[in-house]
Amino acid sequence: MRRLILTAIVLAGLGGVQPNAQDGATARDRQSYTSTTTAILVDVVVRDGKGHPLTNLSAADFEVTEDGIAQKVDSFTRVSHGNGIGLGVAWKSAGKTITVPSAADLAAPHIDSSDDAATALVFDHLSSEALRLAQRATLTYVPTTGESGVRVGVFATDPSIHIVQSFTSDRALVRQAVARVMPSGTTVEEQQADRSDELMTRRRDLVGQAQAAAASGVSAGGVALARTAADIGERETELHLLQTELNMLRSFDNLDRAHKGYDTAAALLAVVHSLSYLPGRKTIVFFSEGLPVSPALSARLDYVIDVANRANVTAYAVDARGLRSKSMIGNARKEIDAFAEERLNQVTVGSDRTDQPLTMAFERVEDTLKLDSRSGLARLAEDTGGFLVDQTNDLSSAFRRIDEDNQFHYLLTYSPKNLAFDGKFRTIHVKVRRSGAEVFARKGYRAIHTARAADSGSYEIPALALLDRSPLPNAFPVHAAGFSFPDPARPGLTPVLVRLRTDALRFSIDRARATYSSQVAIVVRVRDGRGRDVQKLSQQYTLAGDAKDLEAAKNGEILFYREAELPPGVYTMESIVFDATGAQGSARVATLTVPAAERAGFEMSSLILVSKVEEVSDAPAANSKVIAPLYVGKQLLYPNLGEAILTSAASELPFYFTLYGDVTDAKASAQLLSNGRPIAEAPVALSPSTGPRVQHVGRLPIGALPAGTYELRIRVTDGSGRELSRSAFFTLSVTNH
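Residues numbered from 1 in each chain as written. Predicted model: local features only at pLDDT ≥ 70, side-chain atom pairs only at ≥ 80, totals over all residues. Heavy atoms only, no water.

Colleague: Any details on the sheet that holds strand β18 (residues 479-482)? Residues and values, ideally.
Modeller: The antiparallel open sheet is built from 3 strands, whose spatial order is β18-β19-β23. The sheet is open, and its two borders are formed by β18 and β23 (557-565), each paired with just one other strand. Put simply, the sheet's adjacent strands are angled 10° from each other on average, direction ignored. Where β18 meets strand β19 (residues 493-501), 4 bridges bridge the pair, whose relative direction is antiparallel. Of the residues in β19, the one forming a bridge with Ala-480 is Val-498. (Pairing = 2+ DSSP bridges. Helix = DSSP H or I, 4+ residues; strand = E, 2+ residues; numbered from the N terminus. Axes fitted to C-alpha atoms, helices over the stretch in contact; angles between N-to-C directions.)

Written out as structure tokens, the structure reads:
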């Protein structure tokens, strides 16, 4: 089924990443550090000119400025931990912490605690080759047995944030988790890049042939002239087909790059959020092949950095490709050459075969340059006090240095002289009075009175403000729903969807540039039975284009999709759609139930009514470990989220559910109810059992039903007599309203 022009489907998850509960007593108060509006914490690592840690500095050696204004250091602490992730750091030995000598005049205390550090290993959309490099480096450095002095968690971002191993000090579990990380589908990207190169080469050949034919055709006559004209026609046809394929590849690449960039930012925010609960030094080791920072994603990256700084999290970015076989500079050069070539053709021929604005090609050049690891990855690392590891296949030295930073660093606090907390960014600069010393510390913080949630974006603030109003806003139609899919691999898997039509939004028209634009934010807040925030899922959408296409832009829809992971329980799902251009919004509230796992392993998903089915070519393979709850084979199912169904538009209503466990002898039945009274009942022939997961798509005849609201109830009984039941409601209407 053809996708509407503005439909946005984001297949990215933002799982609830929570730390393990700590055994025994809670951490000592002196081991917890927080940044408030009156005390700013700065975590500092200092190295000499040869890269060795400086361990004997005193408070008098440090100078701190905020926005260029000198600040008084209120407290100064030297932190010395015990065993790190790996082995062999100079001042530590197994089983105990070695006290680092200090200057005689130093009164600053040491915090000697081997369990007050946490590291998150994050593997981001890595190809097979890059992942092997990252895994080999990690497994080489992490010992095979023993307890670490650092809690380590392992995360992967493809296809969504996935907790491979929650935070643990057991090195064996860490190694097993690292080995389980699966590669991303980057091979497809490389194939598309090769195909793009082939198309560009063929286009140059055809353009050259056309120019030569045009030159020879001037003196030709008769049959030769006719043959030349026919050849020119064939070349023009091939050029148009070739350019169409190039445009498709570029459009897919732009969309894929934007989605991956957002996925990565969401994953990093989730990991930062998990680390923010833990005391002591918090570190992210981020393995990536490049972090897109196009204009649309740059603000998101800034926010990730802002949240990390407020949570006192240091990021170390690792260019996982090492010495790249295909240089990003080479990719940028290709884009520049293509841009120049298309511009030259535009000037010489007088037409543009690309059928795309020339600014789009220029933006691709800019995006490719910014995708280089020294831009996005460097910003993430350096602005949070870490460093970028690139252009090397030897990552052991990088791990050793990260371990050293974790085990020995300084903590400084100061009370800012500027008390006007206006939300602006304040630059922090730390200097050390030692010749040749290199200082690593966060670059600043945002001056706000209260800390925002670690997984919220700045665009969420006005949306959440509307969500907290009473009564809730209802400016335009919005539909939202959450579903439970208790897959054994992800028992708390909860797809969340929000849908709205774009004709409900307000668009801004720039008549001077003949363009339109609109911005909308979608935020879903999940709360438990006590009213506590459990998860927050969000995305900002920007709709923009030529003013002549405004009506087409209004004839689309936005579909927000996220996959949460929730423990068993009953939740309140609060959804808000905020039209930033029109300064209005609509909210929806629903109850979401995540069932507890059955001991016998017999489980059933939510019952989903299907609004449409689309054949897709990129569905996960049947043997894939990727859990895609709304895919059935090569079909993508779009749930009905409560929209009324026209009696004149459909004679059948598809429905879908998934069974888990042994369903060999299972029997199912369907019951149709109106006003709570059964009006029809029939057995359901389940799809054949092919393993521990059985997906069933059925069809409910509705052509003879009058307008009204109905309930479809599915009951499934396994061979032992255990029964599961799921219901879904739908409304039949004679009009759209």
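Colleague: Report on the environment of Val-616, specifying residues and quantitative values.
Modeller: For Val-616, the location among the structural elements is in the loop between β27 (608-615) and β28 (631-632). A C-alpha to C-alpha distance of 9.3 Å links Val-616 and Tyr-631, two positions 15 residues apart in sequence.

Colleague: Requested: an account of the sheet that holds strand β30 (residues 645-646), with residues and values cited.
Modeller: Strand order across the open sheet formed by 5 strands is β30-β36-β35-β32-β33, with mixed pairing between neighbours. Where the open sheet ends on each side, the last strands, each with one partner, are β30 and β33 (677-684).

Colleague: Just give me the short version of the nonpolar core, but keep the residues and values in it.
Modeller: The biggest cluster of nonpolar side chains holds 33 residues, and the ones touching the most others in it are Ala-120, Val-271, Leu-275, Ile-284 and Leu-380. Elements represented by at least two residues in this core include exactly β8 (117-124), α4 (222-276), β11 (281-288), α5 (295-310), β12 (313-319) and α8 (376-383). The biggest single contributor to this core is α4, with 8 residues. In this structure, Val-150, Val-152, Tyr-316 and Ala-398 belong to the second largest nonpolar core, which totals 32 residues. (Core = buried A, V, L, I, M, F, W, Y, C linked by side-chain atoms within 4.5 Å. Buried < 20%, exposed > 50% of the residue type's maximum accessible area, 1.4 Å probe, protein only.)

Colleague: Report on the pattern of salt bridges, specifying residues and quantitative values.
Modeller: Two side chains that carry opposite charge are able to pair once their charged atoms sit near each other. In this structure the tally under the stated criterion is 22 salt bridges. Arg-513 is the salt-bridge partner of Asp-510, the closest N and O atoms lying 4.0 Å from each other. The class for Arg-513 is exposed, based on a relative accessible area of 66%. Residue Glu-723 is joined to Arg-715 by a salt bridge in which the shortest nitrogen-to-oxygen separation is 3.7 Å. Glu-723 sits in the partly exposed class, given a relative accessible area of 49%. Classification of Arg-715 by relative accessible area gives partly exposed; the value is 24%. Connected via shared salt-bridge partners are Asp-468, Arg-525, Arg-527, Asp-533 and Glu-574. (Salt bridge = Lys/Arg side-chain N within 4 Å of Asp/Glu carboxyl O.)

Colleague: Just give me the short version of the side chain of Gln-539, but keep the residues and values in it.
Modeller: Structurally, Gln-539 is set in strand β22 (residues 533-546). With relative accessibility at 9%, the residue Gln-539 sits in the buried group. Side-chain polar atoms of Gln-539 contact the side chain of Arg-562, separated by 2.8 Å. (Polar contact = N/O pair within 3.5 Å; in protein donor to acceptor, adjacent residues only side chain to side chain.)

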